[in-house]
Amino acid sequence: MAQQATFKAIPEVKTFKQLKGQQELGQKKLAEAEDELVKLHVRIKELEDSVQKGELKKKAALERYASNETSLTELKNEVKTHSLEMTQELKNTHELIALVEAAIEKQRDIILQLQPQIQDVSKTIWGRIADIYQKKLDDAIGDTANLLWVAMRNEQPLLRPLLFSDLPERLKQLTTPDPQELRNLSDKLWNEFVGAD
């Protein structure tokens, strides 16, 4: 229930999920087209072998016709079966390969165009998460930070503005988590506001 409220708090989550869905669909289509291209190349090789065998059979049929072992009708049937049909299928398969290669390029372009959009929306989401937590921090601290600052200034009137190096160690640790904790917190926040990828 809390997760639904966070989705509503960040309207860009819906856009992010739509873009990720488009990207996943595009990658699936790309993989299917690449698989089909591999199959077509295998088929081309088979057809080229068949065309070569058909040429040999056509020569053999011509020799049989020349030596009166076969009729003209049988010669035409053999040539049609072994040569013309295979040549036409070979031509059609080459056209299919060109079409699938064009589809692959188009799909890659679409996926590449989605990448920067996804990154931009992701950055916006992180900005919104930061705003939410800034508000939570402001609400939690309230005037405490200002009161602390006033007390410190009254204690030492010539105190310069607070620098990072002046912060207590525990506060420094809170503001600069170690890399593993940073990854864990990042995953936790993303899952809380966007959901698992």
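For the structure itself, look to the data block above.
Note that the structure is predicted; figures quoted are calculated from it, not measured.

Trainee: How do you make sense of the pattern of salt bridges when you look at a structure like this?
Mentor: Pairing is possible between side chains of opposite charge, provided their charged atoms come close. Counted under the stated rule, the structure contains seven salt bridges. Between Arg43 and Glu46 there is a salt bridge, and its shortest N-O distance comes to 3.2 Å. Taken as a pair, Arg43 and Glu46 lie in helix H2 (residues 12-66) at a separation of three residues, close to a single helical turn. Assessed through its relative accessible area of 30%, Arg43 is described here as partly exposed. With relative accessibility at 39%, the residue Glu46 sits in the partly exposed group. In this structure, Lys45 and Asp49 form a salt bridge, with 3.6 Å as the shortest nitrogen-oxygen distance. Of the two residues, Lys45 and Asp49 are both situated in helix H2; the distance of four residues between them amounts to about one turn of the helix. The partly exposed category is assigned to Lys45, whose relative accessible area is 48%.

Trainee: Hey, could you run me through the environment of Lys20 in this one?
Mentor: Here Lys20 lies in helix H2. Residues Lys20 and Gln117, spaced 97 residues apart in sequence, show a C-alpha to C-alpha distance of 9.8 Å.

Cut-off values and rules
Residues numbered from 1 in each chain as written. Predicted model: local features only at pLDDT ≥ 70, side-chain atom pairs only at ≥ 80, totals over all residues. Heavy atoms only, no water. Salt bridge = Lys/Arg side-chain N within 4 Å of Asp/Glu carboxyl O. Helix = DSSP H or I, 4+ residues; strand = E, 2+ residues; numbered from the N terminus. Buried < 20%, exposed > 50% of the residue type's maximum accessible area, 1.4 Å probe, protein only.

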